[in-house]
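Listed below, chain by chain, are the residues.
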4 protein chains.
Amino acid sequence: LSKKIIGVIGGSAGDEKVRKTAYEVGKLIAESGAMLVCGGLSGVMEAACKGAREAGGTTIGILKGQSISDANPYVDIPVATGLGHGRNLVIINTAGALIAVSGRYGTLSEIAFAIQSGKQVFGLGTWDIEGIAKCENPKEAVEKALQACEI
Amino acid sequence: LSKKIIGVIGGSAGDEKVRKTAYEVGKLIAESGAMLVCGGLSGVMEAACKGAREAGGTTIGILKGQSISDANPYVDIPVATGLGHGRNLVIINTAGALIAVSGRYGTLSEIAFAIQSGKQVFGLGTWDIEGIAKCENPKEAVEKALQACEI
Amino acid sequence: LSKKIIGVIGGSAGDEKVRKTAYEVGKLIAESGAMLVCGGLSGVMEAACKGAREAGGTTIGILKGQSISDANPYVDIPVATGLGHGRNLVIINTAGALIAVSGRYGTLSEIAFAIQSGKQVFGLGTWDIEGIAKCENPKEAVEKALQACEI
Amino acid sequence: LSKKIIGVIGGSAGDEKVRKTAYEVGKLIAESGAMLVCGGLSGVMEAACKGAREAGGTTIGILKGQSISDANPYVDIPVATGLGHGRNLVIINTAGALIAVSGRYGTLSEIAFAIQSGKQVFGLGTWDIEGIAKCENPKEAVEKALQACEI
């Protein structure tokens, strides 16, 4: 494959500040030439897709439900799994490295699955657990995630 | 979503003639502007992706395993599900309509799941069961699948 | 494991005659000392569980949804997968051999997955496709399925 | 369903002390008349199943692989999902409440999925995150888990 794929994980809610961070993450992923994979719904997922789309990138949305029409409007490639929360594993297997933005228990389960699967996770204002690499800002997170994909 | 997604299902083996049919199907899907989704591996899947790629289309490969490196070289968007045969359901949920080319039991299970899920299946030299619309050639199959996506 | 596990597949509808056949299959499985695994819902699944329960057997219901309360009243061991149709693969992986009673496309997809997975399928008034062993009556189907589990 | 189902989660490794705790948890679940569901493999899972089996209980093992022969010898009801880590969701959907014993990232992902799914999790020497109810000993954990199932 010629392109890296970076996963962005985070909640379907998220206040203005969190969505701004996610938007920036998506934008920087697209500017690097990498693709973005996420859960394809609202909140952090939508903001990240919007950032990537506006920078000319490609966004993959791995959906919980059975219909591609559930995807947010900034998803280029909708994948309807019908697996519910099980779709989180598909995101993690598909991404070369992950960036977690804020989030609650769904995000925590994704972080834990990712670390268990040997994928590196870079955190922006998310759960502070052993195994996550805390980052200061979107730029640091995206740069480190791109490097982690090379390994 | 601005683009239709057509699923192509069929075996990972497949003789010269079957692969030529699959290639033609992929080419016609791409020429119509639709995206192609398949299992991302060899045989019918690879031939269809090659046809679509060479016509400038976008190919999505929904893989059985946990690594995107399993995808054939003509897959643009690899999705690593880690679900084994369960990935067939993801293909069917993602596609608006499906074209079955030859194939054995894996293809039959996909055909049956598709019909059960209310998706139309167009057949080219595949299982002759009630519920499949048999087609004479790739052109007929792709045209009908594109129409079925509109409904 | 000390006990064989026989899968029973078939539709959630099913007329009186079909349900009577499924009941008999369940009863004979239980009388042999084997366990029964099925989709845990209505129709063929419920009739088979009822037959097994009334003969003192153990019934496992692999459910589509996220709640064990979806199980029919004759399921001893409810398993809530949350996987939708994907639960069919769990039934097939768990069973040593399968008996298909009547059924439509959901059953056909299970039959095809089973054959693809190398499990033998014994049919009672179900799809007539290559690879299924057609049986005359519940007794023949259960005896042959028990033998197939030994291999 | 007449019986409660308690989930036990924890790693496939685990030292002597951890396995002793898991054994005790399994024993107390069985003595209460509840069933035990777990991942069916080694370490905490095996110790808990052994405790339950020796107290006359019923143990359900939700396996990662496609073969029921992967189950530890104390599993009564093996369920082969073929879903890899995705089987964790099946454990959580099936259990009325969960007890986490020690464990690393696999356990953390299960804990997070459980809380996200609205299931209560009782912890014995495991991750110390918001949302888990820390318990002093197996007796406290099993009593509280049984109560949580009633809600």
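Placed above this text is the structure.
So, a few notes on the structure that sits alongside this text. Note on numbering: residues in each chain are counted from 1, in written sequence order. Chains and ligands are labelled sequentially in the order written, the chains with letters from A and the ligands with numbers from 1. In keeping with the model being predicted, local features are shown solely for residues with a pLDDT of at least 70 and side-chain atom pairs are shown and tallied solely at 80 or more, while totals for entire chains, interfaces and linings include all residues. Computation of side-chain values covers all heavy atoms of the structure but excludes hydrogens and water.

## Overview of the interface of chain B and chain A
We apply this condition: In this description, contact between two residues means that some pair of their heavy atoms is separated by no more than 4.5 Å. What counts as buried area is the accessible surface, traced by a 1.4 Å probe, that two parts surrender upon association, with contributions from both included. Any Lys or Arg side-chain nitrogen located within 4 Å of an Asp or Glu carboxyl oxygen qualifies as a salt bridge. Note on conventions: DSSP H or I runs of at least 4 residues are helices, E runs of at least 2 residues are strands, and numbering of each starts at the N terminus.
Taken together, the contact between chain B and chain A spans 20 residues of the former and 20 residues of the latter. The contact between chain B and chain A buries some 1,500 Å² in all, and 66% of this surface belongs to carbon and sulfur atoms. At the surface where chain B touches chain A, the tally comes to zero salt bridges. Breaking the side of chain B that touches chain A down by element, the ones donating at least two residues are β3 (59–63), β4 (77–80) and α3 (87–94) of chain B.

## Remarks on the nonpolar core
Cut-off, in case you're wondering: Residues enter a nonpolar core if they are buried and are Ala, Val, Leu, Ile, Met, Phe, Trp, Tyr or Cys, with the set joined through side-chain atoms within 4.5 Å. We call a residue buried when its accessible area falls under 20% of the maximum for its residue type, exposed when it is over 50%, and partly exposed in between, using a 1.4 Å probe and counting protein chains only.
If you look at the biggest cluster of nonpolar residues, it comprises 108 residues, and the most contacted ones within it are I60(A), I111(A), I111(B), I111(C), I60(D) and I111(D). Contacts of I111(B), omitting those with residues within four sequence positions, involve I9(B), A100(B), V121(B), T126(B), W127(B), I129(B) and I132(B).

## Remarks on the sheet that holds strand β2 (residues 35–38) of chain A
Strand pairing in a sheet takes place through backbone hydrogen bonds and is either antiparallel or parallel in direction. Residue and element names in this part refer to chain A. Put simply, the rule reads: Pairing between two strands is assigned when DSSP locates at least 2 bridges connecting them. Axis definition: a line fitted to C-alpha atoms, limited for helices to the stretch in contact. Angles are taken between N-to-C directions and run from 0 to 180 degrees.
Spatial ordering of the open sheet is given by β4-β3-β2-β1-β5-β6-β7, a layout of seven strands whose pairing is parallel. Across the chains shown, the open sheet's two edge strands, defined by having one partner strand only, are β4 (77–80) and β7 (132–134). Each adjacent strand pair in this sheet contributes to an overall mean axis angle of 25 degrees, direction not counted. Across three bridges, strand β1 (residues 5–9) lies against β2 in parallel orientation.

## Details of the relation of the copies chain B and chain A
Spelled out, the test is: Each copy is superposed on the other by least squares, with the fit set by C-alpha atoms of residues at a pLDDT of at least 70 in both.
With an RMSD of 0.0 Å, the fit of chain B onto chain A corresponds to turning through 180 degrees and sliding 0.0 Å along the axis. The superposition operator between the copies reduces to a two-fold rotation axis. Comparing interface residues between copies, 100% of those in chain B also lie at the interface in chain A; the contact surface is shared.

## Considerations on the pairing of strand β5 (residues 97–101) of chain C
Residue and element names in this part refer to chain C. What counts, and what does not: Classification remark: right-handed applies to a crossover when, strands pointing away from the viewer, the course from the first strand over the helix to the second runs clockwise.
The element β5 is largely enclosed, with a buried count of five among its five residues. Of the strand pairs in this sheet, strand β1 (residues 5–10) and β5 are connected by five bridges, and their pairing is parallel. Within β5, the residue paired with I9 across the bridge is A100. Direction of pairing for β5 relative to strand β6 (residues 121–124): parallel, over a ladder of four bridges. Paired with L98 across the strands is V121, a residue of β6. For the crossover that starts at β5, traverses helix α4 (residues 105–116) and ends in the parallel β6, the hand is right-handed.

## Structural notes on the packing of aromatic side chains
All names here are of chain A. The criterion, for reference: Aromatic pairing here means that ring centres of Phe, Tyr or Trp (its six-membered ring) are within 6.5 Å. Orientation follows from the plane angle: under 30 degrees is stacked, over 60 is edge-to-face, and everything else is tilted.
Under the counting rule described, the total for this entry stands at six aromatic pairs over all chains. Seen in terms of ring centroids, Y105 and W127 are 5.3 Å apart; in terms of plane orientation they differ by 55 degrees. Their pairing is tilted. Of this pair, Y105 sits in helix α4 (residues 105–116) while W127 sits in the loop between β6 (121–124) and β7, and the two are 22 residues apart along the sequence. Of the two residues, Y105 and W127, both sit in the buried class.

## A few points about helix α1 (residues 16–31) of chain C
All names here are of chain C. Selection criterion: Every helix has an expected span of 1.5 Å times one less than the residues it contains. Any pair of N or O atoms that falls within 3.5 Å is considered a polar contact. Within protein, one atom must be able to donate a hydrogen and the other to accept it, and sequence-neighbouring residues count only if both atoms are side-chain atoms.
For α1, with 16 residues, the first-to-last C-alpha span of 22 Å sits near the 22 Å given by 1.5 Å per residue. For α1, the complete set of buried residues consists of V18, A22, V25, G26, L28, I29 and A30. N-cap assignment for α1: the residue whose side-chain oxygen lies 3.2 Å from the backbone N of K17 is D15. Phi turns positive, to about 90 degrees, at G33, one or two residues after α1.

## A short note on the environment of E16(D)
Residues and elements named next belong to chain D. Within the secondary structure layout, E16 lies in helix α1 (residues 16–31). Overall, the relative accessible area of 59% leaves E16 in the exposed class. Sequence spacing of E16 and G43 is 27 residues, and the spatial spacing of their C-alpha atoms is 9.4 Å.

## Observations concerning unusual backbone geometry
Glycine aside, the phi torsion of most residues is negative, and most peptide linkages are trans. Although it is not a glycine, S102(A) sits at a positive phi angle of roughly 55 degrees. With respect to the helices, strands and loops of the structure, S102(A) is situated in the loop between β5 (97–101) and α4.

## Considering helix α4 (residues 105–116) of chain B
Residue and element names in this part refer to chain B. In this model, α4 (twelve residues) spans 16 Å end to end at C-alpha, consistent with the 16 Å of a helix rising 1.5 Å per residue. The element α4 is extensively covered by neighbouring structure, given that eleven of its twelve residues are classed as buried. Residues of α4 that are buried: Y105, G106, T107, L108, S109, E110, I111, A112, F113, A114 and I115. Among the residues trailing α4, G118 stands out with phi positive, at a value near 80 degrees.

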